[in-house]
Amino acid sequence: MRRTEALRSLVRETRLEPGQLIYPLFVCPGEGVRKAIGSMPGVFNLSVDEAVKEAEEAAQLGLGGLLLFGLPESKDEQGSGAYDDAGIVQTALRALKQTSAAKKLVLIADVCLCEYTSHGHCGMIAETTYGHEIENDSSIELLGRAAVSLAEAGADVVAPSDMMDGRVGAIREALDENGLEQTPILSYASKFASAFYGPFREAADSAPQFGDRKSYQMDGANVREAMREIEQDLGEGADMILMKPAMPYLDVVRAARDRFDVPMGAYQVSGEYSMLHAAFERGWLEPERAMLESLVGIRRAGADFIVTYFAKDAGRVL
Ligand code: PBG
């Protein structure tokens, strides 16, 4: 049964298609800007006009969609760039919506404050006897505002990645109150405090200025807790879930697939991409084969779709 490619193809259990891949974009101010990210070869900070070109290429390759992140002109304590109607991602969404490419792609807006806060955390900060702590409930109100602003600008889907408690419910309520009841929520329901986000923080300029994200993102040792997080988000109205990171957590992806009957994606995060690229650069791994194997593995674990920086490269090969 393995003798020829035709035979192998006939009995292949897991398929990988361009339409299952979501391509992340980092949008920045300016015009004609394509600033390379040192730790992520082939990934750039893009001004809106350049992001439009990327969208056209993504649509031509038949990719499933784009996930948008923003690098604002300036940051403040409240992360106001996240819910500014003239914010960077809102501006990009309006421009993208004018293109024919946008009709073929699902435009997903990441909803978080960390790219917009001067302290780099995903929520508001309070001073307590324990030191700096995340203020959950004031943060989710701002996340609701961000989701409304992004959906009004043209996001087809909003994707909260902050890991505050109750944010999916708050976002659902805010969307509904503003006539955006048709906008689905893709919740990063199971997101671990991971070292593999390192290169992203360079790309999105979102490294926390003090402390870490361990008080709101999950402990990497916990799979039962991940299932509780997903259950809560679905109960609050999440339409789809996103698992993150992917490769070091494939057992969690599988556990979620077996337990929840909702559309599920997995995010092959920046560090997963960077470590593969580091090996490619040294000639230690065959780029095309290793890339596809990493993606098929994530699909085999149970993900319906994959957010990956390899989306365009894989789309070309497929
Ligand atoms: C924002 C966010 C992060 C990523 C996606 N959304 C960074 C973080 O949580 O520190 C990471 C994505 C990647 O590493 O590719 N909260």
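One structure accompanies this document, and this report is about it.

**A closer look at the overall build of the protein chain**
Of regular secondary structure, the protein chain possesses 12 helices and 12 strands. Radius of gyration (C-alpha) of the protein chain: 19 Å, near the 20 Å computed for a compact globule of 318 residues. Principal axes of the C-alpha set define a box for the protein chain whose edges measure 65 × 45 × 40 Å. Looking at the protein chain as a whole, 55% of its 318 residues qualify as buried. Considering only contacts within the protein chain whose residues lie at least 6 apart along the sequence, 74% involve residues at least 24 apart. The average position of the 32 basic charges and that of the 49 acidic charges among the side chains of the protein chain differ by 10 Å.

**Side note on the state of the cysteines**
Following the criterion strictly, the structure yields zero disulfides and no others. The structure places no disulfide on cysteine 114, whose sulfur is separated from the nearest cysteine sulfur, that of cysteine 112, by 3.9 Å. Cysteine 122 takes part in no disulfide bond, and the closest cysteine sulfur, belonging to cysteine 112, lies 3.6 Å away.

**Focus on the site of the ligand**
The local shell around the ligand holds 18 residues, among which Lys191, Arg201, Lys244, Ser270 and Tyr309 are the closest. Glutamine 217 is positioned with one of its side-chain polar atoms (N or O) 2.8 Å from an oxygen atom of the ligand. Within the side chain of serine 270, an N or O atom sits 2.7 Å from an oxygen atom of the ligand. Burial of the ligand by the protein chains amounts to 100% of its free accessible area of 400 Å². Tallied by class, residues from the shell around the ligand come to 10 nonpolar, three polar and five charged.

**What to know about the environment of glutamate 73**
Following the sequence through the fold, glutamate 73 ends up in the loop between strand E4 (65-70) and helix H3 (88-97). Remark: the alpha-carbon pair of glutamate 73 and cysteine 28, spanning 45 residues in sequence, is separated by 7.8 Å.

**Description of a nonpolar patch on the surface**
A cluster of nonpolar side chains, Met1, Leu10 and Val11, forms an exposed patch at the surface whose accessible area comes to about 350 Å². For valine 11, the location among the structural elements is in the loop between helix H1 (5-10) and strand E1 (21-27). Residue class for valine 11 comes out partly exposed when judged on its relative accessible area of 36%.

**As for helix H5 (residues 136-153)**
For H5, built from 18 residues, the straight-helix expectation of 26 Å at 1.5 Å per residue is met to within 8% by its first-to-last C-alpha distance of 26 Å. Listed in full, the buried residues belonging to H5 are Ser139, Ile140, Leu142, Leu143, Gly144, Ala146, Ala147, Val148, Ser149, Leu150, Ala151 and Ala153. In this structure, the buried residues of H5 make contact with H3, strand E5 (106-111), strand E6 (124-128), strand E7 (131-135), strand E8 (157-160) and helix H6 (167-177). Positioned one or two residues after H5, glycine 154 has a phi angle of 130°, which is positive.

**So, unusual backbone geometry**
The residue after lysine 244, namely proline 245, is reached through a cis peptide bond having omega -10°. If you trace the backbone, proline 245 turns up in the loop between strand E10 (240-244) and helix H9 (250-259). A positive phi angle is found at methionine 163, which is not glycine, with a value near 70°. Note on placement: methionine 163 falls in the loop between E8 and H6.

**Here's the deal with the pattern of salt bridges**
Per the counting criterion, the structure on display carries 19 salt bridges. With its nearest N and O atoms 2.8 Å apart, the salt bridge here joins glutamate 54 to lysine 312. You can see glutamate 54 sitting in helix H2 (residues 48-60) and its partner lysine 312 sitting in helix H12 (residues 311-317), a full 258 residues away along the chain. By relative accessible area, lysine 312 is classed as buried at 10%. One continuous salt-bridge network, built from bridges that share partners, spans Arg34, Glu50, Lys53, Glu54, Glu57, Lys312, Asp313 and Arg316.

**A look at the environment of isoleucine 108**
Following the sequence through the fold, isoleucine 108 ends up in strand E5. When its relative accessible area of 6% is taken as the criterion, isoleucine 108 is described as buried. Dropping the residues within four chain positions of it, isoleucine 108 is found in contact with Ile22, Leu66, Leu67, Leu68, Val157, Ala159 and Leu186.

**With respect to the nonpolar core**
Phe26, Leu66, Leu67, Leu93, Leu175, Met243 and Tyr267 are the most contacted members of the largest nonpolar core, which has 111 residues in total. Residues within four places of leucine 66 in sequence aside, it is in contact with Ile22, Tyr23, Leu25, Ala55, Ala58, Leu96, Leu105, Val106, Leu107 and Ile108.

**Digging into the environment of glutamate 50**
Looking at where glutamate 50 falls in the secondary structure, it is placed in helix H2. Remark: the alpha-carbon pair of glutamate 50 and methionine 291, spanning 241 residues in sequence, is separated by 25 Å. With residues up to four places along the chain from it excluded, the contact list for glutamate 50 reads Gly32, Val33 and Arg34.

**A look at the pairing of E5**
With five of six residues buried, E5 is to be regarded as a mostly interior element. Taken together, the four bridges between E5 and E8 define a ladder with parallel strand orientation. Paired with alanine 109 across the two strands is valine 158, which belongs to E8.

Quick notes on the rules
Residues numbered from 1 in each chain as written. Predicted model: local features only at pLDDT ≥ 70, side-chain atom pairs only at ≥ 80, totals over all residues. Heavy atoms only, no water. Helix = DSSP H or I, 4+ residues; strand = E, 2+ residues; numbered from the N terminus. Rg over C-alpha atoms; globule rule 2.2 N^0.38 Å. Buried < 20%, exposed > 50% of the residue type's maximum accessible area, 1.4 Å probe, protein only. Contact = heavy atoms within 4.5 Å. Lys, Arg positive; Asp, Glu negative; His and termini not counted. Charge placed at Lys NZ, Arg CZ, Asp CG, Glu CD. Disulfide = S-S within 2.5 Å. Near = heavy atom within 4 Å. Polar contact = N/O pair within 3.5 Å; in protein donor to acceptor, adjacent residues only side chain to side chain. Areas by Shrake-Rupley, 256 points an atom, 1.4 Å probe, with all protein chains shown as cover. Nonpolar A, V, L, I, M, F, W, Y, C, P; charged D, E, K, R; others polar. Patch = residues over 30% accessible without salt bridge, like charges linked within 9 Å, V, L, I, M, F, W, Y side chains within 5 Å. Salt bridge = Lys/Arg side-chain N within 4 Å of Asp/Glu carboxyl O. Expected span 1.5 Å × (residues − 1). Core = buried A, V, L, I, M, F, W, Y, C linked by side-chain atoms within 4.5 Å. Pairing = 2+ DSSP bridges.

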